[in-house]
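# Fold and geometry: a report
Listed below, chain by chain, are the residues.
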Amino acid sequence: MSSTATQEMNLHFRVKDALGAAVVAGLVGLPMLGLTTRDGASGLEVQTRWALLAVFIAVAFTGRITLQMLLQRFRLFSKRRLRARPTSELTGNGSLVWAGAACVTFAVLLPALFAGNRYVVDTATTVLIYVMLGWGLNVVVGLAGLLDLGYVAFYAVGAYTYGLLSTHFGLGFWQCLPIAGGLAATFGVLLGYPTLRLRGDYLAIVTLGFGEIIRLVLVNWGDVTGGPNGISSIPKPTFFGLPMQASGDGPTFATVFGLDYSPGQRVIFLYYLILVLALLTNLLVSRLRRLPVGRAWEAVREDEIACKAMGINVTNVKLSAFATGAMLAGFAGVFFAARQGFISPESFTFSESATILAIVVLGGMGSQLGVVLAASLLVILPELGRDFSEYRMLLFGIAMVVIMVVRPGGLISHRRATVRAPGGEAKP
Amino acid sequence: MNAAKPLLSVESLTMQFGGLRAIEDLSMTARAGEVTSVIGPNGAGKTTFFNCLTGFYKPTRGCVKLTHPHHGELRLDAMRNVHVARVGQVVRTFQNIRLFPRMTVLENLMIAQHNVLQEASRLSIAGMFRSKSYRRASEKAMENALTWLERLSVRDIANKPAGDMPYGVQRRVEIARAMCADPILLCLDEPAAGLNPRESAELTALLTALSREQGIGILLIEHDMSVVMKVSDHIVVLNHGKKIAEGPPSTIKANPDVISAYLGEDDETSSRHEAAQEKSAHA
């Protein structure tokens, strides 16, 4: 191939690649930048900011191209990357990585972009809780292929663990986090064990029952859980021991850093806290996926009998998937309890399980980025619909049906291999 | 070879499903470094026999002994399928291909080495931090996988989803995957089904080479007689769950019972067959 032809092809791919980035930027930006809410005459009003969105997309497009050019100039992109481009299974891959990086950058910058807009940061925190839950359930449903309709039970276990330990024994957020994770994982194994031989619909029914059992125990065991009244005045998490409040017994976050106290600080702190937890979750799950245990999860999803013939202990594989998923839900539950300050069985109904499952299915089973997109969609769509609340669930349902018709495999159905053979046409 | 104890010895194995006796009083042996074929018409109990060997079924009576180089004599009939594969190193393939379709060919081969890798990853903790021992183990596993990919000439599709490959290629990948699991006895259930004549010929050469070079025993269920006659050192013929003949290919080819079982009987053999059926009805 002559050098001009190579360059032409490079340009072609780069433009295509940048267009991909622009599309993703548009999708992400539409709800976050394109639409905003203001205080109007009659409560909150939705306003559009198309100009800002257009700028955002343009920046993503040009930024992506410039970055590629720079990398090319400094030979950071080795030739193998360009050679790998044409293979169909890899074209989507690079842009997915970039889209992921873009999402993380956006998430980190979000409180600065919307400084003072408490509503946006609060909603983003909710999105991140669902992202974390989605990533956890992704292990069970997306990777191991075990349809779990009672996932919210583990979320509840985490939330109540923190709620009870903090109000009765004065344990802090950071002490409760591992305890709740461990406890939720134990419950995961407890649920997993009797369901080992079940598949598909039958497994779904049993897990559904398990979710309801946990909720009913929470409702009826009034002495311990407070019954339907729940647990209130759960302490907020601290910043390395510094509480986020106006004044306290010792130093507070505001006094130590010489800031004027404002309630917004806590909102932003909680936002970053869940962001860190979610990113750690992502790191954990994507690492695990590439380890033997993660590959075994997927192998069990694909063909259990073949796994047994290969000498893989399917019991352990399934239990580890249940335990890992449950542990992550437990972490999310602790955060949820700490953020709300109040928990009751109301928060852990079947519809929560269904929402989390919808996030995983909508995002594309097993796809980490898909979960982010789906969680954003599922939290933000109902928020946007607040003005016409009667039709909100209807629109929500239609949106989900449309997505599943247009993209039956979920928003991102691309599966990334856990290992790649070196050399040949398929260099990573 | 014949002097040593046989690798696998099956003694009066019976498998009964309710009123149906799928295998009746079957005894046979298979040796390391040899290909032993199990043939017979449809419904003769061949696949049931494999399921009994590999712990997928628990035999009603009889025993299956494996002479393992490290663990001594193992009773396969008393072991669960996972342990047959893991401890006994008896690896099987399936009549209908059972690859992990959405995973890549290379991933399929890595999963076959799951137990070694899982141990090296020390409950995933060492693996999570990419410890030296884990990295070494996974490099070795990768090397092993690549060797078998080359050997089965599927190296170029290593990164493609296994389920997207044509049938003949999937058959080869399945054998590569089985070999990655480090078997001492490889049980192949109709590996030539659906292959074209050229692919069958390649398979024949491969099986002979595998048994000779690796010194493993190969147990083969196959309908394609051109493959069976070329590759087998020893043939066991089943019909209605019973062994009707056993021996090297040359004698099996000439055996009138075998011919009648496959082709239906002519007048001479019909009386003998009726007698056999009567006997089975009594039993």
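Reading the values: rules and limits
Residues numbered from 1 in each chain as written. Chains lettered and ligands numbered in written order. Predicted model: local features only at pLDDT ≥ 70, side-chain atom pairs only at ≥ 80, totals over all residues. Helix = DSSP H or I, 4+ residues; strand = E, 2+ residues; numbered from the N terminus. Rg over C-alpha atoms; globule rule 2.2 N^0.38 Å. Buried ≥ 20, exposed ≤ 12 C-beta atoms within 10 Å, placed from the backbone. Contact = placed C-beta atoms within 7 Å. Pairing = 2+ DSSP bridges. Domains from an automatic or database assignment. Axes fitted to C-alpha atoms, helices over the stretch in contact; angles between N-to-C directions. Nonpolar A, V, L, I, M, F, W, Y, C, P; charged D, E, K, R; others polar.

This part covers the overall build of chain A. Helix and strand content of chain A: 17 helices and two strands. Taken over C-alpha atoms, the radius of gyration comes to 23 Å for chain A, in line with the 22 Å a tight globule of 428 residues would show. The principal-axis extents of the C-alpha atoms in chain A amount to approximately 80 × 65 × 45 Å. Looking at chain A as a whole, 41% of its 428 residues are labelled buried. Considering only contacts in chain A between residues 6 or more positions apart, those separated by 24 or more positions represent 76%.

Next up on the list: the pairing of strand E7 (residues 185-189) of chain B. All names here are of chain B. Here E7 lies mainly inside the structure; five of its five residues are buried. Side-chain alternation along E7 places Leu-185, Cys-187 and Asp-189 on one buried face and Leu-186 and Leu-188 on a second face that is also buried. Pairing of strand E6 (residues 90-92) with E7, which is carried by three bridges, proceeds in the parallel orientation. Bridging across to E7, Val-90 finds its partner in Leu-185. Sheet analysis places E7 next to strand E8 (residues 217-221), joined by five bridges and oriented parallel. The partner of Asp-189 across the bridge, within E8, is Ile-221.

On to unusual backbone geometry. Residue and element names in this part refer to chain B. The phi dihedral of Asp-182 is positive, around 60°, even though this residue is not glycine. The residue Asp-182 is located in the loop between helix H7 (167-180) and E7 in this model. At His-240, a residue that is not glycine, the phi angle is positive and equals roughly 50°.

The next subject is the domain arrangement of chain B. Where interface size is given, it is often the accessible area lost as the parts come together that is meant. All names here are of chain B. According to the domain assignment, chain B contains domain 1 (1-89 + 183-283) and domain 2 (97-182). Each of domain 1 and domain 2 was reduced to a C-alpha centroid, and the two centroids are 28 Å apart. At the interface, 10 residues of domain 1 touch nine residues of domain 2.

Below, the discussion takes up the domain arrangement of chain A. All names here are of chain A. When the domains of chain A are assigned, the result is domain 1 (1-116) and domain 2 (117-419). Every contact between the two is made by 17 residues of domain 1 and, on the other side, 20 residues of domain 2. Mapped by element, the contributors of at least two residues to the side of domain 1 that touches domain 2 are helix H1 (3-34), strand E1 (35-40), strand E2 (43-48) and helix H4 (88-113). Here the element with the most residues in the side of domain 1 that touches domain 2 is H4; it accounts for nine residues.

Before going further, it helps to spend a moment on the sheet that holds strand E5 (residues 72-75) of chain B. All names here are of chain B. As summarised here, the arrangement of the four strands in space is E2-E1-E4-E5, forming an open sheet in which the pairing is antiparallel. Sheet topology places strand E2 (20-30) and E5 at the edges, where each strand pairs with a single neighbour. When the angles between neighbouring strand axes are averaged without regard to direction, this sheet yields 25°. Where strand E1 (residues 8-17) and strand E4 (residues 61-68) come together, five bridges link them in antiparallel fashion. Note on E4: the bridge partner recorded for Leu-8 is Leu-66. Against the sheet, helix H1 (residues 46-53) contacts E1, E2 and E4, and its axis sits at roughly 65° relative to E2.

Turning next to the interface of chain B and chain A. Taken together, the 32 residues of chain B in the interface contact 27 residues of chain A. At the level of secondary structure, the elements contributing two or more residues to the side of chain B that touches chain A comprise helix H2 (81-86), E6, helix H3 (105-111), helix H4 (114-120), helix H5 (125-128) and helix H6 (132-151) of chain B. Here the residues of the side of chain B that touches chain A sort into 16 nonpolar, 10 polar and six charged.

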